[in-house]
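Here's the letter readout for the chains.
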Amino acid sequence: MQIPTEASTRTGILLMLGSLLLFTAMDALAKGLVQDYPTAQVVWARFAGQLFLVVLILNIRLRPALRTRHPKLHALRSLTQLGATGFFFASLSHIGLAEATALADINPVLITLGAALFLGEKLGPRRLAGVFAAMIGAMIIIRPGADVFTPAALLPLACAVSYAASALLTRKVGMTESPWTAMFYGALLGTIVTSALMPAVWQPIAPEDLWLFATVGCLGTAAQICLIRAFSLAEAGAIAPFGYVGIILATGWGIVLYDEWPDALTLLGAAIIVIAGLYVWHRETQARRKG
């Protein structure tokens, strides 16, 4: 496995942050849609939109993108990606956007530990310190024992497990194959599974909501491109702590779209998360320069 350079790690981190901005924007729109439409229908729009865009963009280059040496890994990655999206969208009709994101954002801990166990990445003290400091920030935001921990809180926790598995599989296949291959197969299985559910749950879409469904598909596609490229350029453990920035972004979308204002403890937790992520980046950069 090729060792990422300082430049590739920096680019991977920036792409990770870009994917978080796009994902949280998608989640914010999905929160509004799941209030009026079945969750499965919104999830279907996410994957069907990606499949349509990938086929449209690749056009005559689609056939080469279908070639893969890891069909089983792509299938498993697609299922975990579907699980992450489905669990999270389902939670949005029960709990707030920022709270759901905070619960789902235990995934950097799982990614970092999983990368050490399954991908052979080094689990050093800097990474552990950054991850667990950010975890403390997340706990301050969600405050165990408060109203956030209802049965619905299990949904974003299940999303975290699914997302971590998807991220590790993305890192695995992204080292050797085109991002478009992962994009196509990731969307294909998700579209097939959710399309099978549509006859039972389909609800006619109001004309004024059509653009929202289309935007969910577009944002999800762009976010996936950034995410796949990020994990192909940098080690999973190096960029995982930056996943906590999603809590801050989700809080911002909640304010703008749903007038959900964070309290003082939420702001404190968000500050800890940002500091922890920047600490890991700074220390990793120094270590590479000395090495």
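So, how was this worked out
- Residues numbered from 1 in each chain as written.
- Predicted model: local features only at pLDDT ≥ 70, side-chain atom pairs only at ≥ 80, totals over all residues.
- Heavy atoms only, no water.
- Phe/Tyr/Trp six-rings, centres within 6.5 Å; stacked < 30°, edge-to-face > 60°.
- Helix = DSSP H or I, 4+ residues; strand = E, 2+ residues; numbered from the N terminus.
- Buried < 20%, exposed > 50% of the residue type's maximum accessible area, 1.4 Å probe, protein only.
- Lys NZ or Arg CZ within 6 Å of the ring centre and 35° of its normal.
- Disulfide = S-S within 2.5 Å.
- 1 Å grid on protein atoms, 1.4 Å probe; cavity = no way out; pocket = protein on both sides within 12 Å on 5 of 7 lines; lining within 4 Å.
- Points joined across faces, edges and corners; volume = space filled by probe spheres on them.
- Nonpolar A, V, L, I, M, F, W, Y, C, P; charged D, E, K, R; others polar.
- Contact = heavy atoms within 4.5 Å.
- pLDDT = per-residue confidence, 0-100.
- Axes fitted to C-alpha atoms, helices over the stretch in contact; angles between N-to-C directions.
- Parallel < 35°, antiparallel > 145°, perpendicular 65-115°, else oblique.
- Left-handed = near helix turned anticlockwise from the far one by under 90°.

## Thoughts on the packing of aromatic side chains
Here comes step 1: Overall, the coordinates contain three aromatic pairs when judged by the stated rule.
Here comes step 2: Each ring, one from Tyr37 and one from Phe213, has its centre 5.1 Å from the other, and the planes form 85 degrees; the classification is edge-to-face. Of this pair, Tyr37 sits in the loop between α1 (6–33) and α2 (39–58) while Phe213 sits in helix α10 (residues 210–233), and the two are 176 residues apart along the sequence.
Here comes step 3: Between Trp44 and Trp202, the aromatic rings sit 5.7 Å apart at their centres with planes inclined by 85 degrees, giving edge-to-face as the arrangement. On the criterion of sequence distance, the pair formed by Trp44 in helix α2 and Trp202 in the loop between α9 (179–201) and α10 is long-range, its members being 158 residues apart.
Here comes step 4: According to the relative accessible area criterion, Trp44 is partly exposed, its value standing at 24%.
Here comes step 5: A cation sits over an aromatic face here: Lys31 above Tyr258, 5.8 Å from the ring centre.

## Re the state of the cysteines
Here comes step 1: Applying the stated criterion across every chain yields a total of zero disulfides.
Here comes step 2: Unpaired in terms of disulfides, Cys159 finds its nearest cysteine sulfur in Cys226, a separation of 18 Å.
Here comes step 3: Take Cys159: its relative accessible area is 8%, and that puts it in the buried class.
Here comes step 4: Looking at Cys218, it has no disulfide partner, and the nearest cysteine sulfur is the one in Cys226, 14 Å off.

## Observations concerning empty space enclosed by the protein
Here comes step 1: Evaluation of the coordinates by the stated rule reveals two cavities of 30 Å³ or more.
Here comes step 2: Considering only enclosed or pocket space, the largest cavity measures out at about 370 Å³ in volume.
Here comes step 3: If you go around the largest cavity, you meet 23 residues; those closest to its centre are Phe23, Asp27, Phe88, Cys159 and Tyr163.
Here comes step 4: When residues of the lining of the largest cavity are traced back to their parent elements, those giving at least two are α1, α4 (71–91), α5 (97–104), α8 (154–174) and α10.
Here comes step 5: At six residues, the largest contribution of residues to the lining of the largest cavity is made by α1.
Here comes step 6: Considering only residue class, the lining of the largest cavity consists of 11 nonpolar, nine polar and three charged.

## Some words on the environment of Trp253
Here comes step 1: Looking at the secondary structure, you find Trp253 in helix α12 (residues 245–258).
Here comes step 2: With a relative accessible area of 26%, Trp253 lands in the partly exposed category.
Here comes step 3: For the pair formed by Trp253 and Arg143, sequence separation is 110 residues and the distance between their alpha carbons is 21 Å.
Here comes step 4: The residues contacting Trp253, other than those within four sequence positions of it, are Leu21, Thr24, Ala25, Ala28, Leu97 and Tyr258.

## Looking at the confidence of the model for the protein chain
Here comes step 1: Summary statistics for the protein chain give a mean pLDDT of 85 and a share of 92% for residues scoring 70 or more.
Here comes step 2: Per-element averaging of pLDDT across the protein chain places helix α6 (residues 107–118) at the bottom with 71 and α2 at the top with 95.

## Side note on the packing of α6 against α8
Here comes step 1: Taken N-terminus to C-terminus, the directions of α6 and α8 make an angle of 40 degrees; their axes are 9 Å apart at the nearest point. On the basis of the axis angle, α6 is oblique to α8. α6 and α8 meet at a crossing whose hand is right-handed. Between α6 and α8, the residues in contact are Asn107, Leu110, Ile111, Gly114, Ala115 and Phe118 and Ala160, Val161, Tyr163, Ala164, Ala167 and Leu168, respectively.

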